[in-house]
Amino acid sequence: MTDKLAFVGMEFVDNPEPRCPCILLLDTSGSMRGEPIAALNQGVESLAEELNSDPLARERIELAVITFGGDVQVVQDFVTPASFLPPRFEADGNTPMGRAVITGCQLLEERKRMYQAAGVNYFRPWIFLITDGDPTDYNTNTWCQAVELTRAAEAAKSFVFYGVAVNDADQAKLNELCAPHRPAEKLRGLSFSELFSWLSCSLRSVSLANPGVLRPTLPPMNSWALLEA
Amino acid sequence: MLTVYDGNGRSFQISHAFAQGGQGAISQLKERDDLCVKLYHQPPDAQQIQKLKLLQNHTTVLTGIAALPVSLAYADAERKKLIGVFFPLIHGRAIFELYGVRSRLEYFPDADFRFLIHTADNLANAFERLHQAGIIIGDVNEQNIRVLPDASINLIDCDSFQIADQKQTYPSNVGTPLWTPPELQGMDLTGVVRTANHDCFGLAQLIFLLLFAGRHPFAGIPRHGPPLSPEEAIRKYAFAFAPEFLGVPLRPPAGCPPLVSLPPEIQYIFLRAFQEGSAQPGARPTATEWKICLKRLLQSLTICRQHPHHVYWQGAANCPWCAIIRETGINLFPATLSNSSAVGFSENTFLTRLQNLTIHPFQIQPVPASESEPDPLPAQPAGLWSILQRRLAPTRWRYRWLGHALYHERRVYATARSAVRQGMRDQQAVIAMYHEEFQLARRTLESAFQELSQTPAIRQELEALLSQPSSLVKMSGGPKLSTSTQHRLQDEITRCENRIQTAQQNCARQLQVSQATTTQAGRQRNQAHANIQNLIQHLRRG
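Everything in this summary refers to the structure shown in the same document.

What counts and how
- Residues numbered from 1 in each chain as written.
- Chains lettered and ligands numbered in written order.
- Predicted model: local features only at pLDDT ≥ 70, side-chain atom pairs only at ≥ 80, totals over all residues.
- Heavy atoms only, no water.
- Helix = DSSP H or I, 4+ residues; strand = E, 2+ residues; numbered from the N terminus.
- Buried < 20%, exposed > 50% of the residue type's maximum accessible area, 1.4 Å probe, protein only.
- Contact = heavy atoms within 4.5 Å.
- Areas by Shrake-Rupley, 256 points an atom, 1.4 Å probe, with all protein chains shown as cover.
- Rg over C-alpha atoms; globule rule 2.2 N^0.38 Å.
- Lys, Arg positive; Asp, Glu negative; His and termini not counted.
- Charge placed at Lys NZ, Arg CZ, Asp CG, Glu CD.
- Salt bridge = Lys/Arg side-chain N within 4 Å of Asp/Glu carboxyl O.
- Buried area = accessible area lost by both parts, 1.4 Å probe.
- Polar contact = N/O pair within 3.5 Å; in protein donor to acceptor, adjacent residues only side chain to side chain.
- Pairing = 2+ DSSP bridges.
- Axes fitted to C-alpha atoms, helices over the stretch in contact; angles between N-to-C directions.
- Patch = residues over 30% accessible without salt bridge, like charges linked within 9 Å, V, L, I, M, F, W, Y side chains within 5 Å.

1. What about the overall build of chain B?
Helix and strand counts for chain B stand at 15 helices and 15 strands. A total of 542 residues make up chain B; the buried ones form 52% of that total. The contacts of chain B with a sequence gap of at least 6 include a subset with a gap of at least 24, amounting to 65%. Only carbon and sulfur atoms are counted for the fraction: they give 52% of the accessible area of chain B, which is about 25300 Å².

Have a look at this one:
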């Protein structure tokens, strides 16, 4: 009886549109305190809002949020923008970036299995990591595992990994997670709102292209990225 | 404000762009609400112009089928510089907003299965008329077909159609992978001459999406082997709903109506459209064939005895929409607020009541991005000093004239914009809270059932009931639950219903309030934006 009433993949029954999953891995460690965390909060809010304004994208895009500040937390599991409630982030603790990446990959794998079980197509997922710090689990097994995971995934084209460095983040360490052809970008000042606006545009163009298209044209990053001379 | 001229030299003022495409932006006109103009980023070449002219020959005949060019658009009254083309402005919603269940409940709340078949029939009719006129659509997709409230169809973005004259063919050049037939998958479509048989692949897909509640015919669960990407599935003719004996590597996902819920002739033409061999010229069912079959389907429908909003083919073994409710708990054709009071459900059948406990598809109302007419400019400063300054230091004069207004408008814009954002955030929070409350109520109900069903006697009763789908129909005559069980169930459901209803009412009320203020702020924002643009334009003109 209970089985028959259970919500098995309910969201795919009345919305079988192909999905475009995106995980935000957000650094909420102590160093983000003050202005950066406020800008981040606002950025995530505007992201959800912009995604909601596109009728087809809002059926297709799914957001999940994982924070790493002290510990790693799945703040929001995958939902479409309409039911996404922008969380309020508080900055505290150290920077377990490697663990966060592993958690993100697991969450994504789980989601992909759900898509497959529900018979719903999906676009190449995105993992979007934003940090201002130095990974505190650097040089541990966790970190090596995280690097291995992202590298293998890039090689298998199973997701796209973007790293964004804020302020004095250690870009070299971040680059270990990124694919060589897509190194980490440096955020200009605290232009989070431009960053998330870009992300929203990109996700929309990805979700309106077609599942399986590897490289739809993305808008230029110059509104937020500090381009190296 | 830009002026464009039509083929007769009449001038039109452009009001605002409402859509951006790869080739150009489409704008509304100030004087006419039945026309729009597409301005190309690159001036069209001789080929394109010839194609637009050829299409224009069919405009009158195909009115109400496709928004074909009305006239070419020029930058000057002498018609020397061609910059775009005038199209009829089509309202309605994109077809994906009809076949998608959530958006259907929002924009077409009264549309039942019959409405969807009507739309499919009109779609087939549109394809038939275009093909008869020698026009191939080429880029069939979910975004360039509009559906009006009466289920009629209009195709837009028609400058990508393929058409021929005595000398040559003007190809479509574009396509969308998810909508491209197997034989063209992965090809560069530039210069490829398309056929009606190619179009009929897209037509069959659209009809499938309409009849199967937004399910994609090539999205399924692998029977064997690795999961297929949609393009691979299309290339391999892996029609997921095909009967198993055909050896297709995919099977249908859960929560879909089965192919056999439709008449054999429709099952058969879906197979002909999607299976191997359909790439042969003329092999796929034509638009005319679809029309005949859909018309016959419209005559052989029945209404579900359990859910008066469930319409299905009378030859089906049982109501496919009820089967989906039993399988997933989701009602794809629920009674909507507008029609539920008229129907009167049999209040006593608790399973029906359970099935009707579905989440209401609340959506955030996007704020229209359209620009408004700018307010008149402030009065020019008077006096001798002003005249002198205008002559000697025009920039400064302009700034004295408009600077204050610009400063003011910018502040209005910033305030309104943040009010819009706040409004959207509020709406989102309200919807998220409703979802949470719904899940919570549902979970309480589930645990109540779990508790109930642990009593062996009740468990037996429930299982007997559920194993017999027909018992749903004759609750009064068939196997019955004991009165005490019924009472307990009724109580639980009533509590849950009330809770969900309250949550839904609260959500609706809060959304309404928030939407009103957000729309108001959006209007202010758009107005301020228009004013700022206008002021800046006048400040720079000097």
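After that view, the rundown keeps rolling.
2. So, the overall build of chain A
Secondary structure assignment for chain A yields eight helices and six strands. Listed by position from the N terminus, the elements making up chain A come as α-α-β-α-α-β-β-α-β-α-β-α-β-α. Its C-alpha radius of gyration of 17 Å places chain A within 12% of the 17 Å reference for a compact globule of 229 residues. The C-alpha extent of chain A, read off along each of the three principal axes, is 55 × 35 × 35 Å. Distance between charge centres in chain A, computed from 19 positive and 29 negative side chains, equals 6 Å.

3. Overview of the pattern of salt bridges
Opposite charge on two side chains lets them pair, provided their charged atoms get close. On inspection of all chains with the given rule, the structure shows 29 salt bridges over all chains. The residue B:Arg425 makes a salt bridge to A:Glu45 at a minimum N-O spacing of 2.8 Å. Linking B:Arg425 in helix α13 (residues 394-453) with A:Glu45 in helix α3 (residues 35-52), this pair reaches from one chain into another. Like A:Glu45, B:Arg425 is buried. Taking the shortest distance from any N to any O, the salt bridge between A:Arg60 and B:Glu142 comes out at 3.0 Å. Taken together, the positions of A:Arg60 in helix α4 (residues 57-60) and B:Glu142 in the loop between α4 (113-132) and β8 (145-147) put the pair across two chains. Taken together, the shared-partner salt bridges in this structure form one network comprising A:Glu11, A:Arg19, A:Glu62 and A:Arg111.

4. A few points about the interface of chain B and chain A
Counting residues at the interface gives 52 residues for chain B and 44 residues for chain A. Among the residues of chain B in contact with chain A, B:Arg102, B:Ile330 and B:Gln428 are the three that bury the most area, contributing 15% of the side total. On inspection of chain B and its partner chain A, the count reaches five salt bridges. Between the two partners, chain B and chain A, sit seven residue pairs in polar contact (both at pLDDT 80 or more).

5. A look at the sheet that holds strand β7 (residues 93-94) of chain B
Residue and element names in this part refer to chain B. Reading across from one edge, β7-β8-β9 is the order of the three strands in this open sheet, with antiparallel pairing throughout. On the outer flanks of this sheet lie β7 and β9 (153-155), each paired with one strand and no other. The strands touched by α4 are β8 and β9; relative to β9, the strand with the most contacts, the crossing angle is about 40 degrees.

6. Re a nonpolar patch on the surface
Taken together, B:Leu384, B:Trp385, B:Leu388 and B:Leu392 make up a surface patch of nonpolar side chains, about 510 Å² in accessible area. Here B:Trp385 is to be found in helix α12 (residues 384-392).

7. Comments concerning unusual backbone geometry
For A:Lys157, which is not glycine, the phi torsion reads 55 degrees and is therefore positive. Mapped onto the secondary structure, A:Lys157 falls in the loop between α6 (141-155) and β5 (160-165). With relative accessibility at 42%, the residue A:Lys157 sits in the partly exposed group. With phi around 55 degrees, B:Asp157 is a residue other than glycine that occupies positive phi space. For B:Asp157, a relative accessible area of 35% puts it in the partly exposed group.

Keep in mind that these numbers describe shape and distance, not what the molecule does.
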